[in-house]
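Tertiary structure, described
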Amino acid sequence: MKELFLCFILVYIVILVLRFYLTQSYFRKNTAILKNMDHESYLNLKEVTIFQPILSGDKFLEEKLSYIYDNLDEAQLIWAINKEDQEAERIVKKIINKNLNKSVYIKKCDDSPFNENPKVYKIISTMEKWRKYVVILDDDTIIDIQRLKEIEKKILDKNIVTGIPYYLKSDSFYGNLVRAYVNSNSIYNYFTFAKLKKNKTINGMFYIFKSEKVKSMNFYEKIKFKLCDDYEFAKIAKKNGISIYQSVVPCKINTEVNSFGELFMLMRRWHIFINHYIKENFDVNIFLFSVIPFMSGIFLILLSIAYKFEVFLLYIFILFINSIFSRKLRREIFKENEGLKDIILEIFSNILQIFYWISSLVKPNQIIWRKKVIKIKNGEMEIVRDGKKNKD
């Protein structure tokens, strides 16, 4: 029994080490490529449209939109807002009036038709304004626009290029738990599978593509009833010969989560999406680098309850060492400083996600999103009950 347990721990540690190596290797290789890239290959910002669907309700909204606007350079910016969203309109007008010498188009949209994805609806409504290359960027997300030049035009001929997310510090404990969850998983979920050439989805907060084929083949029209638009976009692109290229360009996000209820609903929703993704794409790589690290935590916690508390302490120690190395790697990638508090929250988040996953097994095809109760059938959304719109 002891020998089996030690063997299990060894396998668990080896997988964590291998995952770290693959992630670090992918980042450093792609960073080295950027340093040697010919300037003639750079993306020209005059050919770029940045599209942002905007919904008020986030206290960071003006700060984030101002950052994008102030650093726009020669790129075009499209802001799509709801006609009835007076706060969003006030914010964008305030930002624009500070400097009118920018290429900005504001689209006022009706509410999305019933059962249509509101983000996709706004994207479709602005397609006629697109330039050669289009960046889809969430309104709570910032990117260094100059780093778009690091994306080679020839890569965009056959790929969607996506960024790597990093959550900034929050004012609330619950927001920082979301931050710990995302930051402890994102580099491994994206870079590890990119290194193995098994990346099958994109980061919906920030991605860029060549507009011609997307428009001519009506990609967004075909996914307008789908709930998880980023994953569905990646799938339909793949079917039409467009692959996914994982860049090392960071996108940084602030989030407002002010209660345990908001945290729980957000995490439950994300884990339902994860379950659907794993079900559709399960292979040996997902088993090794996603399922085993996660299920190992469940196994060790159950074993500590049934056998010895020391097992739980061993699990915490492994998480602690893993968090230290992950923190070092994130500093290299994102240039952000994290302290002991972040490590503790990361360990706590790793334990909590077991309970998030368990909650996702209850009514696994139903979520609450923006106060709407939504059933998911074959990836499509069916609104069961509509409530007042609220951004989360």
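Calculation criteria
All residue numbers refer to position in the chain's written sequence, counted from 1. Owing to the predicted nature of the model, reporting of local features is limited to residues with pLDDT of at least 70; listing and counting of side-chain atom pairs is limited to 80 or more, with chain, interface and lining totals taken over all residues. In computing side-chain properties, one takes all heavy atoms of the structure into account and sets aside hydrogens as well as water. Strands here are runs of E lasting at least two residues and helices are runs of H or I lasting at least four, both read from the DSSP assignment and numbered beginning at the N terminus. Exposure is judged per residue with a 1.4 Å probe applied to protein chains only, and the accessible area is read against the type maximum: over 50% gives exposed, under 20% gives buried, and values in between give partly exposed. We call two residues in contact when some of their heavy atoms are within 4.5 Å. Surface accessibility in these figures is a Shrake-Rupley result with a 1.4 Å probe; residues are shielded only by whichever protein chains are displayed. Under the counting rule used here, the positive set is Lys and Arg, the negative set is Asp and Glu, and His together with the chain ends is not counted. Each charge is placed at NZ for Lys, CZ for Arg, CG for Asp and CD for Glu. Paired strands are those between which DSSP finds at least two bridges. A fitted line through C-alpha atoms represents every axis, and for helices the fit uses only the stretch in contact; the resulting angles, taken between N-to-C directions, go from 0 to 180 degrees. Put simply, the grid is 1 Å and covers the protein atoms alone, a cavity is a trapped set of points that fit a 1.4 Å probe, a pocket is an open set with protein on both sides within 12 Å along at least five of seven lines, and lining residues have an atom within 4 Å of a point. Grid points are joined across faces, edges and corners, and a volume is the space filled by probe spheres set on the points. Only Asp, Glu, Lys and Arg are considered charged in this grouping, and only Ala, Val, Leu, Ile, Met, Phe, Trp, Tyr, Cys and Pro are considered nonpolar; every other residue, Gly among them, is considered polar. Think of a nonpolar core as a cluster: buried Ala, Val, Leu, Ile, Met, Phe, Trp, Tyr and Cys residues, connected wherever their side-chain atoms sit within 4.5 Å. Salt bridge, as used here, is a side-chain nitrogen of Lys or Arg placed within 4 Å of a carboxyl oxygen of Asp or Glu.

1. Considering the overall build of the chain
For the chain, the count of helices and strands is 13 helices and eleven strands. Principal-axis analysis of the C-alpha atoms places the extent of the chain at approximately 70 × 55 × 40 Å. Buried residues in the chain amount to 54% of all 392 residues. Considering only contacts within the chain whose residues lie at least 6 apart along the sequence, 80% involve residues at least 24 apart. If you sum the accessible surface of the chain, you get close to 18,900 Å²; carbon and sulfur atoms cover 57% of it. Each charge class in the chain was averaged separately, 62 positive and 45 negative side chains, and the resulting centres sit 3 Å apart.

2. Points about the sheet that holds strand E9 (residues 366-369)
The strand order across the open sheet built from three strands is E9-E10-E11, with neighbouring strands paired in antiparallel fashion. Whereas interior strands pair on both sides, the edge strands pair on one side only; in this sheet they are E9 and strand E11 (380-385). The sheet shows a mean angle of 35° between the axes of neighbouring strands, taken without regard to direction. Docked against the sheet, helix H10 (residues 260-281) engages E9 and strand E10 (372-377), running at close to 135° with respect to E9.

3. Some thoughts on the layout of surface pockets
Approximately 330 Å³ is the volume attributed to the second largest pocket. Forming the boundary of the second largest pocket are 16 residues, of which Tyr-26, Ala-194, Lys-197, Asn-199 and Tyr-245 lie nearest the centre. Sorting the residues of the lining of the second largest pocket by element identifies helix H1 (2-35), helix H6 (173-195) and strand E8 (243-253) as the ones contributing at least two each. A class-by-class count of the residues in the lining of the second largest pocket yields five nonpolar, five polar and six charged.

4. Considering the sheet that holds strand E2 (residues 76-82)
Strand pairing in a sheet is mediated by backbone hydrogen bonds. Such pairs are either parallel or antiparallel. Overall, mixed pairing links the eight strands, which are arranged E3-E2-E1-E4-E7-E6-E8-E5 in an open sheet. Edge positions in the sheet fall to strand E3 (104-109) and strand E5 (141-142), since each has one partner strand and no second. With respect to the sheet, helix H12 (residues 309-334) is in contact with strand E6 (159-167) and E8, its orientation differing from that of E6 by roughly 120°.

5. Brief notes about the nonpolar core
Within the largest apolar cluster, 50 residues are counted, with the highest numbers of intra-cluster contacts made by Val-48, Ile-50, Trp-79, Val-135, Ile-143, Leu-148 and Val-178. Ile-78, Cys-109, Ile-202 and Tyr-220 belong to the second largest nonpolar core, which has 25 residues in total.

6. Re the pattern of salt bridges
Throughout the structure, instances matching the rule amount to 22 salt bridges. A salt bridge links Glu-74 to Lys-46; its shortest N-O distance comes to 3.6 Å. Of the two residues, Glu-74 is situated in the loop between helix H2 (61-70) and E2 and Lys-46 in the loop between H1 and strand E1 (48-54); the sequence distance between them amounts to 28 residues. With a closest N to O distance of 2.7 Å, Glu-346 and Arg-330 form a salt bridge. Here the residue Glu-346 occupies a position in helix H13 (residues 340-360), and Arg-330 occupies one in helix H12, the gap between them amounting to 16 residues.

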